Amino acid sequence: MKKRIYLPLFIMGFLFGFVFLFNSEATTIFAEEAPSTVTVSTNVADDPSQSDPTSNTDATNESTDQTTSTEPANSEEENWQYSKSKTATDLDENKESEVTLSLPSAEEKLTTEVAFVLDESNFSDTQDRAMGLLETLKQHADQTGAKVQVDVIGFKRAAYDHGSFDLTTQYDLLREAFKKKNSGGSNIHAGLLLAQQILAKNTAIPDDRKYMILVSDGDTYLYCKDGDYKTPYSRSYIPLDSAGGTAYGGYYDESWYYPSTPYGNNVKRPDTADPTLWDAYLKDVAARNQESNGDAYEYVWNYYDNWKNTKPTSKEFKTQPAVPRSASNMDMAFMYAANVYKDLANKYHCYSVAVQSLNQSDGGHKAFMDYLNGGKTADFDSIQNEILYYLSKGSIVEDYMGYEDGNYDFDLVDPSAIRVVIDNTGTLTTYNAERIKDNHYGFKKNEDGTYDYEVIYVPGNKKDDEHFIWLLNTPVTNFEHVMLKYGVKLIQGQTKPGTYTAYTNTKATLYPVNSEGIKGEAEDFERPMVTYTVKEAVKEPEKTSDQNTSKQDGVKTENSIEKTALCQASASTGYESHEIFWFVILGFSALGMMIISVFRKQKKAQ
């Protein structure tokens with residue numbers, strides 16, 4: 001009877017204990033299966049929209065290894081007046097990047113080229129003013145270490161290259177070049193042609209850092225053909241052997257016939273600087289020349305060497321017919337000079353400075369010189385400021401931190417850590433922020449207590465309206481880089497596996513004031529962009545029950561691996577008391593078997 005009782009008990013205990021031990025082991029393995037975890041690396045990408053806007057945007061506990069790129073502020077090509085740049089460093093392990101605004105662009109070399117085109121018949125009256133301009137530029141170049149190349153071009157009947165000089169190291173040679181003279185004729189067109197060739201030579205200097213200054217009384221009656229600045233051309237209404245004391249094709253050739261008066265449909269030569277009138281006149285000159293086949297009467301103006309030769313020979317000359325729809329030598333000289341000046345002005349900064357003619361009676365065409373200068377009078381003081389100053393005081397930069405709803409969010413790290421750095425051709429000077437009041441900081445303090453630069457931080461809602469305003473209270477010269485450096489942090493990004501991009505700023509805009517104090521059109525900076533990759537999680541190794549029980553309840557974290565561990569611990573703790581109970585059952589079953597065995601042996605012995 002006892003054998004029948006103990007044996008079923010043993011079999012049941014053994015089976016139930018084995019099943020529940022296996023079931024507990026299976027529960028622990030399931031609990032260790034983890035979802036994806038997040039790591040972050042970056043590569044350059046073009047489209048921030050490839051991220052999933054519906055996914056969870058909490059980016060905590062990410063690790064980073066990033067690179068950055070930039071894209072133009074607008075898809076269409078920008079025609080900027082002001083050079084500028086904005087860059088950002090790679091995101092570090094704290095998801096932070098250093099952003100740099102630079103005025104002018106950080107990549108732009110601070111080398112300037114100034115070409116003087118000098119009318120050698122009358123320039124002596126303005127030599128002191130021109131040298132005063134160069135002296136001021138030299139002082140700033142000496143202070144900043146900037147390189148300024150000065151080209152000296154003279155013209156009379158042809159153009160003459162007097163050399164190119166370093167303003168700082170070759171100043172004495174430059175002064176001597178200004179004094180050189182040539183005689184015979186007046187050919188503005190030749191001087192401008194040579195300037196065009198010289199300015200195109202040095203491709204290491206950007207076109208927007210090249211300047212051409214034409215200095216003349218505006219008297220011109222010779223021109224060139226096919227870009228040859230060494231060979232002057234003219235035409236004449238004077239019959240051969242009839243000129244007397246008048247120079248053929250010279251300044252007074254129009255005394256024989258003057259077509260630029262209101263003959264029929266002819267457009268009068270303007271006596272003011274009105275650009276509309278001059279444009280109409282020069283257009284009519286081109287039409288008259290074509291209608292009269294005027295080019296057939298051109299000849300090389302190669303006489304008048306110290307007035308030894310007073311007239312051309314019949315082999316090289318034929319008189320131009322005096323008909324109303326024709327163009328004189330002076331008409332053509334104005335037209336050719338204006339055309340080349342416009343070509344130069346489309347590439348470089350150009351100025352036309354009118355000076356007093358030495359021909360006090362009837363010389364000088366100031367109206368033409370002012371027309372070339374856009375219809376206004378140029379002077380050396382205004383030219384000096386335009387060459388020297390990149391921006392005037394009162395210019396402003398407004399910069400919004402990067403944000404895209406449901407995608408990413410950058411915050412300014414610490415406004416008090418913003419700094420201004422001035423780069424004088426490799427020599428860096430840093431100015432740290434000084435608190436003026438809450439969220440208002442100054443940089444480079446002056447003796448009167450004012451600051452050259454200020455930053456006003458506007459936190460807003462720390463999302464799409466978080467920005468700062470950079471105030472430039474002093475001019476920025478063309479001989480230095482002025483940079484603003486600050487930190488941003490990616491506080492929100494994507495967590496689903498994939499590759500994403502994010503702009504460090506939504507928009508940064510320059511509101512410029514030029515050297516004349518005139519506000520210009522707003523211009524946007526480029527936007528730096530970082531690219532990051534969210535990778536699929538690597539499965540965690542399985543943990544034993546003892547390791548699971550070491551986890552404590554009540555751990556609060558957003559990390560997916562820690563959540564799994566918490567689940568693991570809970571699963572292990574829920575079945576622990578059942579495992580002890582079935583171990584006890586197994587023990588009693590084994591003890592029952594031993595008692596049965598002993599009882600049977602005693603019975604056989606009896």
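Residues numbered from 1 in each chain as written. Predicted model: local features only at pLDDT ≥ 70, side-chain atom pairs only at ≥ 80, totals over all residues. Heavy atoms only, no water.

K.L.:
In this structure, what is going on with the side chain of Lys84? I would like to understand it.
P.N.:
Position of Lys84 among the secondary structure elements: in the loop between strand 2 (67-71) and strand 3 (85-88). Among the residues examined, Lys84 registers a relative accessible area of 4% and is labelled buried. Among the polar contacts made by the side chain of Lys84, one reaches the main-chain carbonyl oxygen of Tyr82 at a distance of 3.0 Å. With residues up to four places along the chain from it excluded, the contact list for Lys84 reads Ser102, Leu103, Pro104, Ser105, Tyr390, Leu510, Glu523, Asp524 and Phe525. (Helix = DSSP H or I, 4+ residues; strand = E, 2+ residues; numbered from the N terminus. Buried < 20%, exposed > 50% of the residue type's maximum accessible area, 1.4 Å probe, protein only. Polar contact = N/O pair within 3.5 Å; in protein donor to acceptor, adjacent residues only side chain to side chain. Contact = heavy atoms within 4.5 Å.)

K.L.:
Looking at this model, I keep getting lost on the environment of Asn407. Mind explaining?
P.N.:
For Asn407, the location among the structural elements is in the loop between strand 14 (403-404) and strand 15 (408-412). Distance from Asn407 to Gln494, taken between C-alpha atoms, is 6.6 Å for residues 87 residues apart in sequence.

K.L.:
Just checking my understanding: could you explain the pattern of salt bridges for this structure?
P.N.:
Where charged atoms from two side chains of opposite charge come close, those side chains can pair. Scanning all chains against the criterion turns up 24 salt bridges. One salt bridge connects Arg235 with Glu298, and the closest N-O pair in it is separated by 3.1 Å. Here the residue Arg235 occupies a position in the loop between strand 9 (233-234) and helix 5 (275-291), and Glu298 occupies one in the loop between helix 5 and strand 10 (299-300), the gap between them amounting to 63 residues. Residue Glu298 is classed as buried on the basis of its relative accessible area, which comes to 16%. A salt bridge links Asp284 to Arg288, with the nearest nitrogen and oxygen atoms 2.8 Å apart. Of this pair, Asp284 and Arg288 both sit in helix 5, four residues apart, which is roughly one turn of the helix. Overall, Asp284 belongs to the buried group, its relative accessible area being 8%. Judged by relative accessible area, which is 0%, Arg288 ranks as buried. The structure contains a network of salt bridges with shared partners spanning Glu254, Arg269, Asp284, Arg288, Glu291, Arg325 and Asp331. (Salt bridge = Lys/Arg side-chain N within 4 Å of Asp/Glu carboxyl O.)

K.L.:
Would you take a moment to explain the pairing of strand 23 (residues 481-492) for this structure?
P.N.:
Consecutive side chains along a regular strand alternate between the two faces of the sheet. With nine of its twelve residues buried, strand 23 lies for the most part within the structure. Judged from the five bridges that link them, strand 16 (residues 419-424) and strand 23 form a sheet pairing that is antiparallel. By the bridge assignment, Asp423 is partnered in strand 23 with His481. (Pairing = 2+ DSSP bridges.)

K.L.:
Explain the side chain of Thr261 here, please?
P.N.:
Examined against the element boundaries, Thr261 turns out to sit in the loop between strand 9 and helix 5. A relative accessible area of 18% means that Thr261 is categorised as buried.

K.L.:
Hey, could you run me through the packing of aromatic side chains in this one?
P.N.:
A ring pair, where both rings are aromatic, is described by two values, the distance of the centres and the angle of the planes. What the rule picks out here adds up to 19 aromatic pairs. Between the aromatic rings of Trp278 and Phe368, the centroid separation amounts to 5.3 Å while the plane-to-plane angle is 50°, which identifies the pairing as tilted. Residue Trp278 is located in helix 5, and its partner Phe368 is located in helix 7 (residues 366-372); the two are separated by 90 residues in the primary sequence. Taken individually, Trp278 and Phe368 each receive the classification buried, so the pair is uniform in this respect. Ring plane angle 55° and centroid distance 4.6 Å describe the contact between Phe334 and Phe368, whose orientation is recorded as tilted. (Phe/Tyr/Trp six-rings, centres within 6.5 Å; stacked < 30°, edge-to-face > 60°.)

K.L.:
Honestly, the sheet that holds strand 6 (residues 147-155) in this entry has me stumped. Any pointers?
P.N.:
Strands in a sheet are paired, the pairing made by backbone hydrogen bonds, and the direction either parallel or antiparallel. Reading across the sheet, the five strands line up as 7-6-5-8-11 and stay open at both edges, with mixed pairing between neighbours. The sheet is open, and its two edges are formed by strand 7 (159-166) and strand 11 (349-354), each paired on a single side. The sheet shows a mean angle of 15° between the axes of neighbouring strands, taken without regard to direction. Across six bridges, strand 5 (residues 111-119) lies against strand 8 (residues 210-216) in parallel orientation. Residue Phe116 lies in a different strand from strand 8, and its bridge partner there is Ile213. Sheet strands touched by helix 2 (residues 127-144): strand 5, strand 6 and strand 8. Its angle to strand 5, the strand with the most contacts, is close to 170°. Along the sheet, helix 8 (residues 380-388) contacts strand 5, strand 8 and strand 11; its crossing angle with strand 8, the most-contacted strand, is approximately 170°. (Axes fitted to C-alpha atoms, helices over the stretch in contact; angles between N-to-C directions.)

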